[in-house]
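Chain residues, written in single-letter form:
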Amino acid sequence: MRGERLPLGFVFRSRAKEEKAPVADKATVTDSKQTRDPQAPKGRPTPKRSQAQSQRRSVANTPVTRKEAAKRQRDERRAQLERQRQALAGGDERYLPARDKGPVRKFARDFIDSRFNVAEFFLPMAVVILVLSMIQVASLQSIALLLWLVVIVLIVLDSIVTGFRLKKRLAERFPDQNRRGAVAYALMRSLQMRRLRLPKPLVKRGERP
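The numbers attached to residues start from 1 for each chain and follow its sequence in the written order. Residues qualify for local features only when their pLDDT is at least 70, as the model is predicted, and side-chain atom pairs are given and counted only at 80 or more; totals for whole chains, interfaces and linings, by contrast, use all residues. Note: side-chain values were computed over all heavy atoms of the structure, leaving out hydrogens and water.

**Student:** Would you explain the overall build of the protein chain in this entry?
**Tutor:** Across its full length, the protein chain holds seven helices and zero strands. Along the protein chain, helices and strands appear, N-terminal first, in the series α-α-α-α-α-α-α. Burial classes: relative accessible area under 20% of the type maximum marks a residue as buried, over 50% as exposed, and values in between as partly exposed (1.4 Å probe, protein chains only). In the protein chain, which comprises 209 residues, the share counted as buried stands at 21%. Partitioning the intrachain contacts of the protein chain with sequence separation of at least 6 by distance along the chain shows that 61% fall at a separation of at least 24. Accessible surface, the protein chain as shown: approximately 16600 Å² in total, 59% of it carbon and sulfur. Secondary structure elements follow DSSP: runs of H or I of four or more residues count as helices, runs of E of two or more count as strands, with numbering from the N terminus. Contacts are assigned to residue pairs with any non-hydrogen atoms lying within 4.5 Å of each other. The Shrake-Rupley method, run with a 1.4 Å probe, gives the accessible areas here. Residue values count only the displayed protein chains as cover.

Shown next as structure tokens:
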């Protein structure tokens, strides 16, 4: 009948059901379109194939124990030292130690290796002087002392001249690069015998670097 009034509870309950129905339908459609891995945890979306592969690689590459991690670090360190040893013998710039890298240091090495240096003969002369000083003859001991003084003076003078020339050549060749420590690096190399120098000399004596 038209004049009959409906209860208020019935009206509000009907409207609430009508508003909830579309939301439930949308959720059902969304869940049905999204595929889920049967092995994935419940309530979580399936990861993409690339993400799953990267996760499997990271898990496979991650060391299981501290012992394995230490072993891996030792192997990497050993391989790095081997590369450096080969680079010192062959002059490969990629694997040289940091103190030997760069065009400035290479030029300094070539400058020293291309000339005779008094300092490189220091060890042989020191052995001769030591033998002479051990002989119990006054004249030979005096000669040994004089030779010792002459060798020291020659090494100092030669190092000063070499350092001055090298500094000038570096300023001309590398005006915009960091040259700090290159002269001291070269003078320390000049103290070593040529056949014992590392990295190995790449230029001949008399060859202009």
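**Student:** Where do I start with the packing of aromatic side chains in this structure?
**Tutor:** Aromatic ring pairs: the centre-centre distance and the angle between the two ring planes describe each pair. Put simply, two rings from Phe, Tyr or Trp (the six-membered ring, in Trp's case) pair if the centres are within 6.5 Å, and we call them stacked under 30 degrees between planes, edge-to-face over 60, tilted for the rest. Per the stated rule, a full pass over the model turns up two aromatic pairs. Summarising the aromatic geometry, the rings of F107 and F174 are spaced 5.9 Å apart at their centres and angled 75° between planes, so their arrangement reads as edge-to-face. Of this pair, F107 sits in helix 4 (residues 103–113) while F174 sits in the loop between helix 6 (138–173) and helix 7 (182–190), and the two are 67 residues apart along the sequence. The class for F107 is buried, based on a relative accessible area of 5%. We classify F174 as buried; its relative accessible area is 10%. Their ring planes at 55° and their centres at 6.0 Å tell us that F122 and W148 sit as a pair that is tilted. In this pair, F122 sits in helix 5 (residues 122–134) while W148 sits in helix 6, placing the two residues 26 residues apart along the sequence. Overall, W148 belongs to the partly exposed group, its relative accessible area being 35%.

**Student:** Explanation requested: the packing of helix 4 against helix 6 in the structure shown.
**Tutor:** Pairs of packed helices are described in terms of their axes, by the angle between the two and the distance that separates them. To get an axis, fit a line to the C-alpha atoms, keeping to the stretch in contact for a helix; angles then go from 0 to 180 degrees between the N-to-C directions. Contact geometry of helix 4 with helix 6 gives a least axis separation of 11 Å together with a crossing angle of 140°. Considering the angle they form, helix 4 stands oblique to helix 6. Of the two possible hands of crossing, helix 4 and helix 6 adopt the one that is right-handed. Together, V104, F107, A108, F111 and I112 of helix 4 and T162, R165, L166, R169, L170 and R173 of helix 6 make up the contact between the two elements. We call two directions roughly parallel when the angle between them is under 35 degrees, roughly antiparallel when it is over 145, roughly perpendicular when it lies between 65 and 115, and oblique otherwise. The crossing is said to be left-handed when, going from far helix to near helix, the turn is anticlockwise and less than a right angle, and right-handed when the turn is clockwise.

**Student:** Explain the nonpolar core here, please?
**Tutor:** Side chains of nonpolar character tend, in soluble globular proteins, to be buried together. Nonpolar cores were defined as sets of buried Ala, Val, Leu, Ile, Met, Phe, Trp, Tyr and Cys residues, with membership established by side-chain atoms within 4.5 Å. Residues V104, F107, A108, F111, I112, L166, L170, F174, A182, Y185 and A186 constitute the largest nonpolar core, which totals 11 residues. Elements with a contribution of two residues or more to this core: helix 4, helix 6 and helix 7. A per-element tally of this core places helix 4 first, with five residues. Leave out the neighbours within four places in its chain, and I112 touches N117, T162, A186, R189, S190 and R197. Within the second largest apolar cluster, six residues are counted, among which are A119, I129, V151 and I155.

**Student:** I'm lost on the side chain of S190 in this one. Help?
**Tutor:** Along the chain, S190 turns up in helix 7. For S190, a relative accessible area of 3% corresponds to the buried category. Those residues in contact with S190 that sit more than four places away from it in its chain are I112, N117, A119, E120 and R197.

**Student:** Mind showing me how you'd approach the side chain of T162 here?
**Tutor:** With respect to the helices, strands and loops of the structure, T162 is situated in helix 6. The exposure class assigned to T162 is buried, which follows from its relative accessible area of 2%. Beyond its immediate stretch of four places on either side in the chain, T162 contacts F111, I112, R115, N117 and L187.

**Student:** Is there a simple way to think about a nonpolar patch on the surface in this case?
**Tutor:** Without a salt bridge and with relative accessible area above 30%, a residue can belong to a patch; like charges are then joined within 9 Å and nonpolar side chains (Val, Leu, Ile, Met, Phe, Trp, Tyr) within 5 Å. The salt bridge criterion pairs a side-chain nitrogen of Lys or Arg with a carboxyl oxygen of Asp or Glu, the two atoms within 4 Å. A contiguous nonpolar surface patch, about 740 Å² in accessible area, is contributed by L145, W148, L149, I152, V153, V156, L157 and I160. The topology assignment puts I160 in helix 6.

**Student:** Which parts of the structure should I look at to understand helix 5?
**Tutor:** Any helix carries an expected span of 1.5 Å times its number of residues minus one. With 13 residues, helix 5 ought to run about 18 Å at 1.5 Å a step, and its terminal C-alpha atoms sit 18 Å apart, in line with that. All buried positions along helix 5 are accounted for by A126, I129 and L132. Along the axis of helix 5, the buried positions cluster into a sector of 125°, meaning they face one direction only. Those residues of helix 5 that are exposed and aimed more than 90 degrees away from the buried face are V127, L130 and M134. Arc, as used here, means the arc of the directions from the helix axis to the C-beta atoms.

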